[in-house]
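Coordinate analysis (summary)
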Amino acid sequence: MEPTKKRVFSGIQPTGNIHLGNYLGAVKNWAAKQDEKINYFCIVDLHSLTVPQDPADLRFQTRSLAAMLLACGIDPAKSTLFIQSHVRAHAEGCWLLNCITPLGWLQRMTQFKDKSAKQESVLTGLLDYPVLMAGDIIFYDANEVPVGEDQKQHVELARDIAQRFNSLYEQEFFVIPEPVIPEAGARVMGLDDPTVKMSKSLAHVRGHAIRLLDDPKEIERSFKRAVTDSGNEIVFSDDPEKAGVNNLLGIYKAITGKSEAEVLADFADARGYGDLKKRVAAVTIEALLPIQARYQQLMADPAELDRLLAIGAEQAAAVANPKVDQMKEIMGLVLPQQK
Ligand code: AMP
Ligand code: TRP
């Protein structure tokens, strides 16, 4: 008998420019493993509202990200790709989970502490963000949650919330999810500062990130400017001094799928960091050009994009809405009578 396929859920926010870190740390792996699992990939627009957004901009970015995910190889025939706000269970179920989640659990989240420290006025939604995320995962009975290192604490909170519900209501209602962190590409660092993670919120800063829609000239320029060290040794290394070179090699490794030994062999004849940067730029451009072409095609056909997203929403709703209805019943709410 074929073993039952694992259920996978992951999400990505539509705001900020999607960059090489998102691709290598998340989306590329989602696409590569589609056949092995039952997949739900969600554009988490409700999460984006936890900080102020311009409505027209949010709308554009949501559709643009959908096109980009499809262009990166998320296949609607193999995976359910949908927009979070299209499925009512997310916002509705989040309220139910709020009512069993202790406030202290949320106040302890490092991302909340970091983000709230940087803002003058903190919205309630920002504190509640991990509860919304927990719902995303557990309403689909997901076993695995592929994310970058930074999201591990949130997935652990999802486990705690699921366990709390199960024990409060004395039944195995929610599956307890596991975070799955990729090895290669787990942490792509900023090209301008290899000690900080490449991040969407800095993607507008010149030379920080490779954005998936950058043209070849821009990609070459960003790599050319990448911060390295004063030496000339092309090696993988944990030495903070060599963080820049290590990051460039890590990017090359994640894009080509080669082993460390194969990567180093590729650079055995390189003449200095200039050559290293050129070759990393070349493989990046080669990987991104076809993605950019598919993206343009999808953006030129909004009706087709909407059609695909409607199918995704329907498939997702068929799982999450009944799960949240069951939750309501378990918690003592009276369900409306079906006519
Ligand atoms: P975000 O950019 O925070 O919406 O993240 C979307 C996905 O990309 C999550 O799974 C993150 O963990 C992953 N991710 C974000 N930045 C990086 C990075 N610099 N390196 C590797 N993965 C990343
Ligand atoms: N919080 C995640 C991030 O910023 C995005 C996200 C929302 C997510 N819901 C999710 C990731 C559920 C995995 C599973 O990267």
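Residues numbered from 1 in each chain as written. Chains lettered and ligands numbered in written order. Predicted model: local features only at pLDDT ≥ 70, side-chain atom pairs only at ≥ 80, totals over all residues. Heavy atoms only, no water.

1. What about the overall build of the protein?
For the protein, the count of helices and strands is 13 helices and 5 strands. In terms of overall dimensions, the protein has a C-alpha envelope of 75 × 50 × 45 Å along the principal axes. Counting all 339 residues of the protein, 49% fall into the buried class. Sequence-distant contacts in the protein: of pairs separated by 6 or more residues, those separated by 24 or more amount to 75%. Per element, the accessible surface of the protein, about 16700 Å² overall, is 52% carbon and sulfur. The centroid of the 38 positive side-chain charges in the protein is displaced by 2 Å from the centroid of its 45 negative side-chain charges. (Helix = DSSP H or I, 4+ residues; strand = E, 2+ residues; numbered from the N terminus. Buried < 20%, exposed > 50% of the residue type's maximum accessible area, 1.4 Å probe, protein only. Contact = heavy atoms within 4.5 Å. Areas by Shrake-Rupley, 256 points an atom, 1.4 Å probe, with all protein chains shown as cover. Lys, Arg positive; Asp, Glu negative; His and termini not counted. Charge placed at Lys NZ, Arg CZ, Asp CG, Glu CD.)

2. Let's talk about the nonpolar core
Of all hydrophobic cores here, the largest spans 58 residues; its most connected members are Leu20, Val27, Leu69, Phe223, Ile251, Phe267 and Leu276. Looking at this core element by element, the count peaks at 10 residues for helix H12 (residues 272-299). The residue makeup of this core includes at least three contributed by each of domain 1 (7-185 + 302-330) and domain 2 (200-297). The contacts of Leu276, once residues within four sequence positions are left out, are Ile234, Val245, Leu248, Leu249 and Phe267. (Core = buried A, V, L, I, M, F, W, Y, C linked by side-chain atoms within 4.5 Å. Domains from an automatic or database assignment.)

3. Side note on the site of ligand 2
Of all residues adjacent to ligand 2, which total 13 residues, the nearest are Gly11, Tyr129, Met133, Asp136 and Gln151. Residue Gln13 places a side-chain N or O atom 3.4 Å away from an oxygen atom belonging to ligand 2. Side-chain polar atom of Asp136 to a nitrogen atom of ligand 2: 2.7 Å apart, as the coordinates give it. In the complex, the protein chains occlude 90% of the 370 Å² of accessible area that ligand 2 would expose alone. Mapped onto the shell around ligand 2, the elements with two or more residues apiece are strand S1 (7-12) and helix H7 (124-138). Of the residues forming the shell around ligand 2, the biggest block, 4 residues, is contributed by H7. In the shell around ligand 2, the residues fall into 7 nonpolar, 5 polar and 1 charged. (Near = heavy atom within 4 Å. Polar contact = N/O pair within 3.5 Å; in protein donor to acceptor, adjacent residues only side chain to side chain. Nonpolar A, V, L, I, M, F, W, Y, C, P; charged D, E, K, R; others polar.)

4. Comments concerning the site of ligand 1
Of all residues adjacent to ligand 1, which total 17 residues, the nearest are Gly148, Asp150, Val188, Met198 and Lys200. Between a nitrogen atom of ligand 1 and a main-chain N or O atom of Val188, the distance comes to 2.8 Å. Out of a free accessible area of 480 Å², ligand 1 has 92% covered by protein chains. Sorting elements by how many residues they give to the shell around ligand 1 places helix H1 (residues 20-32) first, with 4 residues. Residues that form the shell around ligand 1 fall into these classes: 6 nonpolar, 7 polar and 4 charged.

5. Focus: the domain arrangement of the protein
What the domain assignment lists for the protein is domain 1 (7-185 + 302-330) and domain 2 (200-297). The gap between the C-alpha centroids of domain 1 and domain 2 is 29 Å. Contact with domain 1, which involves 20 residues of that partner, is made by 16 residues of domain 2. Across the domain 1/domain 2 interface, buried area totals approximately 1600 Å², and carbon plus sulfur atoms make up 70% of it. The largest share of the area that domain 1 buries against domain 2 comes from Leu20, Met68 and Ala71, three residues that together contribute 33% of it. Applying the counting criterion to the domain 1 and domain 2 interface returns 0 salt bridges. Counting across the domain 1 and domain 2 interface gives 7 residue pairs in polar contact (both at pLDDT 80 or more). For the side of domain 1 that touches domain 2, the per-class residue count stands at 11 nonpolar, 8 polar and 1 charged. (Buried area = accessible area lost by both parts, 1.4 Å probe. Salt bridge = Lys/Arg side-chain N within 4 Å of Asp/Glu carboxyl O.)

6. Let's talk about H1
The periodicity of an α-helix, 3.6 residues per turn, causes residues three or four places apart in sequence to face the same way. Most pronounced at Ala26, the bend in H1 amounts to some 35°. Those residues of H1 lying buried are Leu20, Gly21, Asn22, Tyr23, Leu24, Gly25, Ala26, Val27, Trp30 and Ala31. (Bend = angle between axes of the 7 residues up to and from the residue.)

7. Some words on unusual backbone geometry
Phi is positive for Asp141, close to 50°, though the residue is something other than glycine. Take Asp141: it is sitting in the loop between H7 and strand S4 (144-146). The phi dihedral of Glu170 is positive, around 50°, even though this residue is not glycine. Along the chain, Glu170 falls in the loop between helix H8 (152-168) and strand S5 (178-180). For Glu170, a relative accessible area of 73% corresponds to the exposed category.

8. Thoughts on the environment of Ala67
Of note, Ala67 is situated in helix H3 (residues 55-71). When the C-alpha atoms of Ala67 and Leu264 are compared, they prove to be 35 Å apart, with 197 residues separating the residues in sequence. Here Ala67 is in contact with Tyr295, Leu298, Met299 and Leu305, once residues within four sequence places are set aside.

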